[in-house]
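Listed below are the residues making up each chain.
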Amino acid sequence: MAAPEGDGGLQPEELSGAQVVAEALRGQVRSIHPKCCQSTAINETLLKSNLRYMFGIVGIPVIEIAMAAQAAGIKYIGMRNEQAACYAASAVGYLTGRPGICLTVSGPGLLHTLGGMANANMNCWPLVVLAGSSDRNQETMGAFQEFPQVEACRLYSKFSSRPNSLEAIPAIIEKAVRSSMYGRPGACYVDIPGDMVTSKIRSELLRTVPCCLRAPVAMAEPQVVKEAALIIKSAKRPLVIVGKGAAYSRAEDNIKKLINLCGLPFLPTPMGKGVVPDNHHNCVSAARSRALQNADVILLLGARLNWILHFGHPPRFRADVKIIQVDLCAEELGNNVKPVAALLGDVNAVVEQLLECFRINPWTYASNSEWWLRLKEKMKDNEEESKALAAQKTLPMNYYTVFHNIQAVLPEDCIIVSEGANTMDIGRTVLQNYLPRHRLDAGTFGTMGVGLGFAVAAALIAKDESPHQRVICIEGDSAFGFSGMEVETICRYRLPIVVIVVNNNGIYSGVDEGTWKELAEVGDVAIVAPPISLSPNAHYEQVMTAFGGKGYFVQTPEELQKALTACLADQKLPSLINVMIDPSSDRKKQDFTWLTRSNM
């Protein structure tokens, strides 16, 4: 039978639902010549949408989606827990500006993912979660792992939807990607019913949806910018607070110019570290409490006045402090403290506007002011106290000794991932960041268990973009336990991550081996052991060696530096250094407790 005139005898190709999903993620769905093999079918604009990484755990009904994604050129990283997979995907969103993809099975698989979705939303990081679900014709019948997934995800995402047909998949995925990045970034969810994964559709019936562009850049009202510049100039005790929103907006060059041009003291939030290098002479991190408590004008760049900044309330802040707030989310402006100037827009663009004001009417804050002298005095006192703690020769080591010895060896361009209680908090004050988006931690939601997922994401990006850059994941022993099996993932993909477990035998603090034995002799440890205690002298390094990496058990500063130097020299194998410290080691005395309980 002769073929219809003009079609060359070729019939339109049928694509499975899994292939439609993968092509939609790739950024372009196209008709494929049916005689072409799969490899040549991938068009030259591979990964047009820059969705390069997919993390997940496969099973019914999403195995085919993972395979189709790989065929489309998307890297699939199989994790050991859905939460860790979601943490990794969200970290990709923060580090690259485009969402990472988390793929999970239905029911329990998706429920495990919700913690990662909530964390991404709280941190304002773009993320797209795809989950399989029960077949559409089995709804309400008690299908396998049936669960109201779209409704459940609405609490944890900006956008949650189920395509009603294969034809709708490209448009729904494009909207999820776009929604994850536009406005305040966050998590988005797309539900894929199991029967849709294996269904077929003729390729010409699919609507091609162009890749969404980067989020539009908004600028603040010019008059409000001018007013803000005048308020800064009138300040007697100015302070700039640099948040992770500034890091996300790639505002580092303009913020450095503003700090240098105006001579302003600045304080980074935990993940704002490195936007301006920690060793910059205007960084006042070592006098954090004094800076916050006494500043009369604060320029808030991409940071929120939440618990991390003590809500902007007394006694941590002056009652009459003037806040100039820069944020891309209108709803954030005025939360907890009414700003004297609300600059709605992209942090990078708004700082450029402020710079223009100061270029037209130059102004520099006096470096010999009483405010600078007070800040430098406090910085010197705190730094000397930390050095004294670090110099202690007693064993087991304390936190400060550990972190000062780590800092002495770390390369300046390494990415530091950190989680734990004292491990994270003390580490932030000692370990330096010199580049933006080079510190990842528990974040706004205070989530434990994020570390290894974040480290996997950072290492994958480094492997593709900067092969010699190292990722250092510093964990408390309690935090390590949340996602410890991801060590196998790290080894399977041969990611040369250096994991450092700061081991104090507990949560916040622990007990030594002798005390533990005494408790066990007294009675049932479930009754007599402190709830915060963990197994004393646990050999976490053996988890790494079990999967082919290198492990080190260290108890002295010399052993620590030797082990870390060896790990950094090895560009191929992952490693874990288990550092034993004094179970009673704690932070140096603080002016205030770390967690503010507001009475306002």
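Source: prediction; values computed, not measured.

Draft legend 1. How the structure looks around the overall build of the protein. Counting its regular elements, the protein contains 23 helices and 21 strands. Split into buried and exposed, the 600 residues of the protein put 58% on the buried side. Within the protein, contacts between residues separated by at least 24 positions form 77% of all contacts whose residues are at least 6 apart in sequence. Accessible area for the protein stands at about 25,100 Å²; split by element, carbon and sulfur atoms hold 54% of it. Charge-centre separation for the protein: the mean point of 57 positive side chains lies 6 Å from the mean point of 59 negative side chains.

Draft legend 2. A look at the sheet that holds strand β21 (residues 575–580). An order of β15-β14-β16-β17-β21-β20 is seen for the six strands of this open sheet, with the pairing classed as parallel. Every other strand in the sheet has two partners, leaving β15 (439–440) and β20 (550–554) as the edge strands with one partner each. Where strand β16 (residues 471–476) meets strand β17 (residues 498–503), five bridges bridge the pair, whose relative direction is parallel. In the strand pairing of β17, Ile-472 is matched with Val-498. Relative to β17, helix α15 (residues 399–407) is tilted by about 165°, and along the sheet it contacts β16, β17 and β21.

Draft legend 3. Spatial organisation of the sheet that holds strand β11 (residues 297–301). The strand order β10-β9-β11-β12-β13 describes an open sheet built from five strands, whose pairing is parallel. The open sheet is flanked by β10 (266–268) and β13 (341–344), the only strands paired with a single partner. Averaged over all pairs of adjacent strands, the angle between strand axes in this sheet comes to 15°, irrespective of strand direction. In the sheet, strand β9 (residues 238–242) pairs with β11 via five bridges, with the strands oriented parallel. Looking at the pairing, Pro-238 lines up with Val-297 of β11. The sheet strands contacting helix α9 (residues 222–234) are β11, β12 (322–327) and β13, and the helix crosses β13 at an angle near 135°.

Draft legend 4. Just helix α3 (residues 63–71), in detail. Of all the positions in α3, only Ile-65, Ala-66, Ala-68 and Ala-69 are classed as buried. With its buried residues spanning 165° around the axis, α3 presents them on a single face. Positive phi appears at Gly-73, one or two residues downstream of α3, with a value of about 95°.

Draft legend 5. Just the layout of surface pockets, in detail. Put simply, the second largest pocket is a space of about 490 Å³. Here the lining of the second largest pocket is composed, by residue class, of eleven nonpolar, six polar and four charged.

Draft legend 6. Structural view of empty space enclosed by the protein. Scanning the entire structure with this criterion turns up two cavities of 30 Å³ or more. Within this model, the second largest cavity holds a volume of roughly 40 Å³. Lining of the second largest cavity is provided by Ile-232, Pro-238, Leu-239, Val-240, Leu-264, Val-297 and Leu-299. Contributions of two or more residues to the lining of the second largest cavity are made by β9 and β11. A breakdown of the residues in the lining of the second largest cavity according to their chemical character gives seven nonpolar, no polar and no charged.

Draft legend 7. Highlighting the environment of Asp-441. Looking at the element boundaries, Asp-441 is found in the loop between β15 and α17 (451–465). Given a relative accessible area of 3%, Asp-441 falls into the buried group. Residues Asp-441 and Arg-178, spaced 263 residues apart in sequence, show a C-alpha to C-alpha distance of 26 Å. Aside from chain neighbours lying at most four places away, what touches Asp-441 is Pro-270, Met-271, Ser-418, Met-424, Val-450 and Phe-454. A polar atom in the side chain of Asp-441 sits 2.2 Å from the side chain of Arg-439.

Conventions we followed
- Numbers given to residues run from 1 along each chain, matching the order in which its sequence is written.
- Owing to the predicted nature of the model, reporting of local features is limited to residues with pLDDT of at least 70; listing and counting of side-chain atom pairs is limited to 80 or more, with chain, interface and lining totals taken over all residues.
- Here the side-chain values reflect all heavy atoms present in the structure, with hydrogen atoms and water set aside.
- Numbered from the N terminus, helices here are DSSP runs of H or I no shorter than four residues, and strands are runs of E no shorter than two.
- Accessible area is worked out with a 1.4 Å probe on protein chains only. A residue is then buried under 20% of its type maximum, exposed over 50%, and partly exposed in between.
- Residues count as neighbours in contact if any of their non-hydrogen atoms are within 4.5 Å of one another.
- What sets the accessible areas is the Shrake-Rupley method with a 1.4 Å probe; for residues, cover comes only from the shown protein chains.
- For the purpose of counting charges, residues Lys and Arg are taken to be positive, whereas Asp and Glu are taken to be negative. His and the chain ends are not included.
- Here the site of a charge means atom NZ of a Lys, CZ of an Arg, CG of an Asp or CD of a Glu.
- By the convention used here, strands pair only if DSSP detects at least 2 bridges between them.
- In this analysis, axes come from line fits to C-alpha atoms, helices being fitted only over the stretch in contact, and the angle between any two N-to-C directions falls in the range 0 to 180 degrees.
- Arc definition: directions from the helix axis to the C-beta atoms.
- Cavity means a closed set of points on a 1 Å grid over the protein atoms alone, one where a 1.4 Å probe fits but cannot get out, pocket means an open set with protein on both sides within 12 Å along at least 5 of 7 lines, and lining means a residue has an atom within 4 Å of a point.
- Grid points are joined across faces, edges and corners, and a volume is the space filled by probe spheres set on the points.
- Each residue gets one label: Ala, Val, Leu, Ile, Met, Phe, Trp, Tyr, Cys and Pro are nonpolar, Asp, Glu, Lys and Arg are charged, and the others, such as Gly, are polar.
- Counted as a polar contact is a pair of N or O atoms within 3.5 Å, where, for protein atoms, one must be capable of donating a hydrogen and the other of accepting one, and residues adjacent in sequence contribute only when both atoms are in side chains.

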